[in-house]
Amino acid sequence: MAEIYKLIHPLKYFTDYISREVRPDGRKFDEQRNIKLNVNSLKTAEASAVVKCGNTTVVCGIQLELATPKAEEPDLGYLVTNLELPALCSPKYRPGPPSDHAQVTNYLVSDIITNSKCINLKDLCIVPDKLAWVLYCDIVCLDNDGSLVDACIIALMASLKTLCLPSVTYDNDTEDIKVNADIRTPLKVHGLPVATSFAVYKLPDRNILLTDPSAYEEEMCGGIGANFIVCSNEGLLCGTQKFGGSNLLSDSQEESLKISRDRTNVVKKVIETSIKNDNEFVS
Amino acid sequence: MWTTKTFLTKTKRGNILKIVREHYLRDDLLCGSSACNICPHKDEEYVLDSKPDSVCALFDYPHYLLLDTNVVLHQIDVLEEDALKNVIMLQTVLEEVKHQNTAIFQRILEVINNKKRKFYSFVNEHHKDTYVERNPGEKQNDRNDRAIRKAASWYALHLSVNNVAGQFPQIVLLTDDENNRKIAQEEGIVCCSVKDYIENVNGFVGLIDKLSKNVIPETCSKDALYPAHFTPTQIHTGIRNGKLYQGTFHASRDNFLEGTVSVNRFEKPILLQGHIGINRAVDGDLVAIEVFPEEEWRKPSDIVLEDKADDPGDLLEEESALLSSAKPLDSSKDEITPTGKVVGIIRRKWRQYCGILMPSKFPGATRHLFTPAEKRIPRVRIETRQSDVLASQRILVALDSWPRNSRYPLGHFVRALGPIGDKDAENEVILLEHDVPHARFSEAVLACLPPNDWTIPEEEIKKRVDLRSICICSVDPPGCTDIDDALHARPIDGVTADGLKKYEVGVHIADVTYFVRPNTALDKEAASRSTTVYLVDRRIDMVPDLLSSNLCSLRGGEERLAFSCVWEIDENANVLSTKFHKSVIKSAAAMTYEEAQITIDNSSRKDEIARSLRTLNALAKKLKQKRLDNGALLLASPEIRFQVDSETHDPVEVQAKKIMDTNSMVEEFMLLANVSVAEKLAEEFPQCALLRRHPSPPPANFTTFLKATRQQGFEIDVSTNKSFSKSLDEAVLPGRPFFNTMLRIMATRCMQQAVYFSSGTLSHPDYYHYGLACPIYTHFTSPIRRYADVIVHRLLAACIGEDVTHASLLDTKQADSICDNLNYRHRQAQYAGRASVALNTHILFKNRIEIESAVVLSVKRNALQVLIPKYGLEGPLYLPSDKFTYNEEEHYQICSDVTLKTFDELTVRLTLDSTNLQHRKLVFQLVKPHVPGFSYVPEDSGMEVESVASAEEVKETPIKKRKETKQSKPKKKSKNQ
Amino acid sequence: MPGPDLLSSQGLRLDGRRPNELRRIRCKLGVFTQPDGSAYLEQGNTKVLAAVYGPHQASKSKSTTEGVVVNCQYSMATFSTGERKNRPRGDRKSQEMSLHLRQALTAAIKTELYPRSQIDIYVEVLQADGGAYCAGVNAASLALIDAGIPLRAYACACSASMAWRNGEPEPLLDVGHVEEAAGGVVLTVASLPNTGSIALLEMSHRLHMDYFKVVLSRAMQGCRDIEIILDKAVRDHLAEGWTKQDVVTI
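Definitions and limits used
Residues numbered from 1 in each chain as written. Chains lettered and ligands numbered in written order. Predicted model: local features only at pLDDT ≥ 70, side-chain atom pairs only at ≥ 80, totals over all residues. Helix = DSSP H or I, 4+ residues; strand = E, 2+ residues; numbered from the N terminus. Contact = placed C-beta atoms within 7 Å. Buried ≥ 20, exposed ≤ 12 C-beta atoms within 10 Å, placed from the backbone. Pairing = 2+ DSSP bridges. Axes fitted to C-alpha atoms, helices over the stretch in contact; angles between N-to-C directions. Nonpolar A, V, L, I, M, F, W, Y, C, P; charged D, E, K, R; others polar. Expected span 1.5 Å × (residues − 1). Core = buried A, V, L, I, M, F, W, Y, C linked by C-beta atoms within 7 Å. pLDDT = per-residue confidence, 0-100. Arc of directions from axis to C-beta. Parallel < 35°, antiparallel > 145°, perpendicular 65-115°, else oblique. Left-handed = near helix turned anticlockwise from the far one by under 90°.

### Section: the overall build of chain A
Right, on to step 1. Counting secondary structure elements, chain A contains 6 helices and 12 strands.
Right, on to step 2. Intrachain contacts of chain A at a sequence separation of at least 6 include 70% that bridge at least 24 residues.

Spelled out as structure tokens, the structure:
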């Protein structure tokens, strides 16, 4: 019965739930979904992580390359993030070149990482003006069930935290590069940026803030890009975003900051235990 | 059938490439022991005895041996002896051996495959209980040692389970690594050094002699005579930053304290002098060298130095005296050569060396010196208790190491070849030194042969073109039993468009591939041998005698299978059509060149054979003319035949080979057949046809030759083979009939080697055969004695649909590797043939002194290279520097009014110098033109004449004069004088 | 001879398998919620995901009355190989693989049941260690079953190569990356083992005719072995599913 109701009166169905202070999947408004994290499950990548926030599944793999730094920034390395939203992750996507949404999300993730200053690009430089690391961080979404950015940041940060750079010696005379994979130093990661998405649902009398919305909830709340995303690193905000959708009230903003602070602690714990366990990867 | 085993992933990192590999661990691997009652062995899978007999006094209980990598690498000669049985070879060890030395890996595989030896190879790396993971920071070597120990303890435990105590074999680990032994003992593994074990083995005499000498590490500087070699890392960095160079070390034949290394950067090879400069490099080794600054460069010494006959102990003599003459006195610029020193060995290219033992002067001593037959190899110190027996033998010795504190490299005795001077032993030396496979054919090979009384099956005849009724005959040198070609020619009806008569000419080649099927043991053996090697008194067959001299040989009057190439040719020798087919023939006659010539010349003979031969002869002459017109070169090389005593097989007389019309007749048709086949193959198999090419010689090769011909007043044009051929034809001196032949002999030496290649590896213009002046060529006509022809037969058969192709035949890569082997074996066979001629010449001259006419081939600083046309003999005629002055510019020697230059004719006296048993050599002395006080004067007994002078004396001091003791009658002088 | 060293003298391959053994296969159905059917499959170190959307209404240009249009996309994650790939899809190899996937899977699907419809099948390679196409077909087969699309039979794919042991030819089953890179021939077969029919045959390099039959039969054997594994996975998954559903209804 419920399924049919949902199909015929989607809006009413959803509103019925919300007005009863519960979300269709049984969560409270400020309740987030379970996070499952697995690090180093891909052997071909230098560091990797698979994260599941509810059903949203994201894989991140980091691969290394060596390159010459840019002439204008001779002591900086490169950190390249790239997000893939292949057609397989959602029925909404079509095969073909990346959609606008994918590109926007991609920039958003890059910006968050850059603004959070969690990676000092100077750490990636080996010999100024000669040699620097390029970190290719490729994120692939396997199942998009909402709050994509949150999952991406978790996967990316977990990967970065497990990444160990091999030691490289560079001979100035011969321009000879020697990579010693046996001696590795962990990459310095400053803090832990965590993103938290909220969907804003407009009831006639008030706006409801839904933490960690699923794809269905996102759709009900204005569709693509309507999420309110808060991202902070060690208490410092490094990105808030809200494009379109329902309006946001200032008191709910405060509430959202509080929720995101709590969430940061949860994520931190998840990443730490996961790295500690570094157990076998079961998808 | 499909089972999942415990699973592990191993990651390996290259540059920044991450490589992931799977590594499956299994529980279904067998231990191979009959004492085991756990593993589900099948009967034939038991390799190790349940109660192995102990041969070692140290361990008088039943045990299996387990070896570590270095034991296999260093003691392979011991392992090849039958003494040690019931040995467990771990995969860890095998892989390390394979990685470090493929030759030894092959040898250990042979041992493992020998069922009688009871060597069991255990795949410990994939066994769930014996695999060990490399710990972080652990060296690969340490990890492997740990894997070996782990396997040892596993075996001990495995065998003890379900066995009554004391009823099962123990495990003894053999390793020379002290540290490893220590840890093993702590872990409760019985272990022992190889030396201790072998020295306590009973019942195998001589086993100890084969023990490789202990290797003293390079870092040990106690009593060091030589500077330490650089470590591989140092060498690597040195080469990278351009401070060091790498190259193959070539020792000088004449001076044991000198050698060269060719390096790309320098035009001249780098000169290395003295013990320290050479620093233990042995001829052929790949070495790292350092080049001195230019002011320290020297010129190569022109003296001959041989190592002292007696053992000076571990001392390096004062070299300054020996090398003083090498210092640049006149500092003439172009003689100065870049000079350097060896600082490290990148790879040893040691093989086993033939030679003789020089027993120590102290009776009962076990350390002796060994002198290799190859002059460029230093003497070797070996230990043996059998010196009395071995002193008179030719022996084979392997090199083990050359520690810093030893003047000589250390080696060990491998086996005796036979008494010195014995024909068989000497032949064995020739074969071994030239790497000619000459062991008897194995059982597996012989099993591939048809029965002795094999006849052509009826259905095979039906499949083939029946040519038995056609009058076919073969023409070969006398005494030839492996006849691989036969010919026929007959007029056919009709005329060409130009009104010329037409003939059918057929070349019929023994169908060896009918018997030698691909990928059989017989085929593999033939491929490895690649060619039949002809020594003067022995033939080392490529295929067993039954085939080479009987079933394949196209003997007269017998039905044989053949592969035929049949042309229609007009009377001007233009080929009208060509066809190939397999056939059955019955040769009407197997003739020698001489018999065939007589048949042709005897005008009273009108039979079919004579008519056929005359047609062939006439056509051949036209073919040859055409070839010459195209620019083919007529080259010459001095070829001789020995007449051999029928009982002793010693040579009794030598004569130059006679060349008759019929030689050329057979040759022309063989060339034609080869070219026809080559064209067909290249068209059908552009990727994998086996062809033969002869690259044009680089112009630099001709410099000396042109200088010499100019002195004789001829200008030779070497720009193309056509012009070259033409100017050679024109260079004739009326009074000297041999001059032109001489010229051609010299011209031959300026040429490159012709080589086999696979058509896929080169582009079409490179197929050219310079000597024959034809765009494409191959070998088709001698499948009995050349493997190249066997491949060509198979390809051709596949072309014409008479046979199926098989995978390896069509693989370019494999064809290429076959070519490499063919070329190598052919070169070696050629050298072996020459060495055999030299050996027999020496035997011939043992009791002989002759005076013969000779020609100067080249002029050197202290000698003339002369050739005796009658014998095809070549050698140096040393000239003392106080009498003769050498003109470097124009290459001639002057002594007052006598000038000696290239191509001059001389009279020389020939004797054999046997003072050095290893290197017996012919000594040439000048008789005419007469140089007072130097030339040998034959008849006048009153005059003082020079005696045989050894090479050393000639070079270092003016010749000592002695009264001649031997009275020899000079022989008739040759006509040219 | 290509890769004479692929088999040790004891008859084991470089990774310790025997010539006729598959790599370890682990698989799981229904791993995602968004697609109608999904599956994850590991074949040794090769790891792939497959997702199926549909059948749904086909776009007008593609729609036919004959049967369902099968649309496949094969893509490899940039970090799936040791060296970073620049384009995950759309390059020549991926397009070729997409086409091959479609050919093999169309043969398995009862296409006539859904005229004017379309099925989208996406295969994502997360880690490639040889035989990614085969793993893709096998995973897609499971995803189709998870989506409840009627199949004629399991579509299974397996590769085989050629090695020599003591001079005797010995075909190798389920070729890994190292063996692929050794330069030998790789014969890839996609078949419906149940019906004995071959849906796709692809061969790289050259192979002599004499050996073709043995290599092919080895690859077919591999397909049959894989079918058994897939079948077991499906049955396990269904059994699990039923119990879950029971809990929900109660």
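Following the structure, the description resumes.
### Brief notes about the overall build of chain B
Right, on to step 1. For chain B, the count of helices and strands is 25 helices and 37 strands.
Right, on to step 2. Looking at chain B residue by residue over its 977 residues, the buried ones come to 39%.
Right, on to step 3. Long-range pairs, those at least 24 residues apart, make up 68% of the contacts in chain B between residues at least 6 apart in sequence.

### Quick word on the sheet that holds strand E11 (residues 228-233) of chain A
Residue and element names in this part refer to chain A.
Right, on to step 1. Reading across the sheet, the 4 strands line up as E10-E9-E11-E12 and stay open at both edges, with antiparallel pairing between neighbours. Looking along the sheet, the strands with just one partner apiece sit at the ends: strand E10 (207-211) and strand E12 (236-242). Ignoring which end each strand starts from, the neighbouring axes of this sheet average 25° apart.
Right, on to step 2. For E11 and E12, the ladder comprises 6 bridges, and the chain directions are antiparallel. The residue bridging Asn 233 from the neighbouring strand is Leu 236, located in E12.
Right, on to step 3. Strands in contact with helix H6 (residues 250-277) are strand E9 (193-202), E10 and E11; relative to E9, the strand with the most contacts, it is inclined by about 140°.

### Topic: the interface of chain C and chain B
Right, on to step 1. Facing the 24 residues of chain C at the interface are 26 residues of chain B.
Right, on to step 2. With 3 residues, helix H4 (residues 209-249) of chain C is the single largest residue contributor to the side of chain C that touches chain B.
Right, on to step 3. By residue class, the composition of the side of chain C that touches chain B is 5 nonpolar, 10 polar and 9 charged.

### Thoughts on unusual backbone geometry
Right, on to step 1. Look at the link from Gly 54 of chain C to Pro 55 of chain C: it is a cis peptide, with omega at 0°.
Right, on to step 2. Checked against the element boundaries, Pro 55 of chain C lands in strand E3 (residues 46-57).
Right, on to step 3. Of note in the backbone geometry, Asn 40 of chain A takes a positive phi value of approximately 55° without being a glycine.
Right, on to step 4. Tracing the sequence through the fold places Asn 40 of chain A in the loop between strand E1 (35-39) and strand E2 (47-53).
Right, on to step 5. Given 21 C-beta atoms within a 10 Å radius, Asn 40 of chain A is considered buried.
Right, on to step 6. Of note, Arg 280 of chain B is a non-glycine position whose phi angle comes to about 70°, a positive value.
Right, on to step 7. Within the secondary structure layout, Arg 280 of chain B lies in the loop between helix H9 (274-278) and strand E11 (286-291).
Right, on to step 8. Using a count of 24 C-beta atoms within 10 Å as the deciding quantity, one classes Arg 280 of chain B as buried.

### Describing helix H1 (residues 92-108) of chain C
Right, on to step 1. Between the first and last C-alpha of H1 of chain C there are 25 Å, a value that for 17 residues agrees with the 24 Å anticipated at 1.5 Å per step.
Right, on to step 2. Elements that come into contact with the buried residues of H1 of chain C comprise strand E4 (69-76), strand E5 (117-127), helix H2 (132-146), strand E6 (156-165), strand E8 (186-192) and strand E9 (197-204) of chain C.

### Side note on the interface of chain C and chain A
Right, on to step 1. Chain C puts 26 residues into the contact, and the matching count from chain A is 27 residues.
Right, on to step 2. At the level of secondary structure, the elements contributing two or more residues to the side of chain C that touches chain A comprise E3, E4 and E5 of chain C.
Right, on to step 3. Taken together, the residues that form the side of chain C that touches chain A break down as 12 nonpolar, 10 polar and 4 charged.

### Comments concerning the nonpolar core
Right, on to step 1. Within the largest apolar cluster, 171 residues are counted, with the highest numbers of intra-cluster contacts made by Ile 289, Phe 669, Leu 690 and Val 866 of chain B.
Right, on to step 2. The dominant element in this core, judged by the number of residues it contributes, is helix H19 (residues 661-684) of chain B, at 11 residues.
Right, on to step 3. If near-sequence neighbours (up to four positions away) are discounted, Ile 289 of chain B is found in contact with Leu 244, Tyr 245, Gly 247, Val 261, Ile 270, Leu 272, Gly 340, Lys 341, Val 342 and Val 343 of chain B.
Right, on to step 4. In this structure, Cys 238 of chain A together with Ala 139, Leu 144 and Cys 156 of chain C belong to the second largest nonpolar core, which totals 149 residues.

### A look at the sheet that holds strand E34 (residues 892-895) of chain B
Residues and elements named next belong to chain B.
Right, on to step 1. What the 3 strands build is an open sheet, ordered E33-E34-E35; its pairing is antiparallel. In this open sheet, the two edge strands, each paired with only one partner strand, are strand E33 (885-887) and strand E35 (898-901). The mean angle between the axes of side-by-side strands here comes to 25°, regardless of whether they run parallel or antiparallel.

### Observations regarding the pairing of strand E6 (residues 170-174) of chain B
All names here are of chain B.
Right, on to step 1. With respect to burial, E6 is a largely interior element, 4 of its 5 residues being buried.
Right, on to step 2. One ladder, built from 5 bridges, connects strand E3 (residues 63-67) with E6; its direction is parallel. Opposite Leu 67, over in E6, you have Leu 174 as the bridge partner.
Right, on to step 3. With 3 bridges connecting them, E6 and strand E7 (residues 190-192) associate as parallel partners. Counterpart to Val 172 in the pairing with E7 is Val 190.

### Quick word on the confidence of the model for chain A
Right, on to step 1. When pLDDT is averaged along chain A, the result is 84, and 96% of the positions lie at 70 or above.
Right, on to step 2. For chain A, the element scoring lowest by mean pLDDT is helix H1 (residues 2-8) of chain A, at 77; helix H4 (residues 148-162) of chain A scores highest, at 92.

### Details of helix H21 (residues 721-730) of chain B
All names here are of chain B.
Right, on to step 1. Residues of H21 that are buried: Asn 721, Phe 724, Ser 725 and Leu 728. Down the axis of H21, the buried set is contained in an arc of 95°. They therefore lie on one face.
Right, on to step 2. Contacts from the buried residues of H21 go to helix H18 (608-630) and helix H22 (737-749).

### Examining the environment of His 826 of chain B
Right, on to step 1. With respect to the helices and strands, His 826 of chain B occurs in helix H24 (residues 812-844).
Right, on to step 2. For His 826 of chain B, the contacting residues outside a window of four places in its chain are Ser 530 and Thr 531 of chain B.

### Details of the packing of H1 of chain C against H2 of chain C
All names here are of chain C.
Right, on to step 1. Close contact between H1 and H2 brings their axes to 10 Å; oriented N to C, the two are set at 40°. Classified by the angle their axes make, H1 and H2 are oblique. Considering how the two elements wind past one another, H1 and H2 form a crossing that is right-handed. Between H1 and H2, the contacting residues are Met 97, His 100, Leu 101, Ala 104, Leu 105 and Ala 108 on the first element and Tyr 133, Gly 136, Val 137, Ala 140 and Ser 141 on the second.
Right, on to step 2. Of the residues assigned to the contact of H1 with H2, the class counts are 8 nonpolar, 3 polar and no charged.

### Let's talk about the packing of H4 of chain A against H6 of chain A
Residue and element names in this part refer to chain A.
Right, on to step 1. Axis separation between H4 and H6 bottoms out at 11 Å; the angle between their running directions is 45°. Taken as axis vectors, H4 and H6 run oblique relative to one another. The two elements H4 and H6 cross, and the hand of that crossing is right-handed. Residues Ile 154, Met 157, Ala 158, Lys 161 and Thr 162 of H4 lie in contact with H6, whose contacting residues are Val 267, Ile 271, Ser 274 and Ile 275.
Right, on to step 2. For the contact of H4 with H6, the per-class residue count stands at 6 nonpolar, 2 polar and 1 charged.

### With respect to the environment of His 488 of chain B
All names here are of chain B.
Right, on to step 1. Along the chain, His 488 falls in strand E20 (residues 485-495).
Right, on to step 2. C-alpha separation for the pair His 488 and Cys 473, spaced 15 residues apart in sequence, amounts to 6.5 Å.
Right, on to step 3. Setting aside residues up to four positions removed in sequence, His 488 forms contacts with Ile 470, Cys 471, Ile 472, Gly 506 and Ser 612.

### Section: the confidence of the model for chain B
All names here are of chain B.
Right, on to step 1. Overall, the predicted model of chain B reaches an average pLDDT of 80, with 87% of residues at or above 70.
Right, on to step 2. Ranking the helices and strands of chain B by mean pLDDT puts strand E21 (residues 501-510) first, with 93, and helix H25 (residues 951-956) last, with 35.
Right, on to step 3. pLDDT under 50 marks residues 324-331. Its contacts with residues more than four places away, or in other chains, come to 11 contacts.
Right, on to step 4. Every residue in residues 940-977 is under pLDDT 50, and counting partners more than four places away or in other chains gives 52 contacts.
Right, on to step 5. Across the interface, the model reports ipTM at 0.82; the global pTM reads 0.66.

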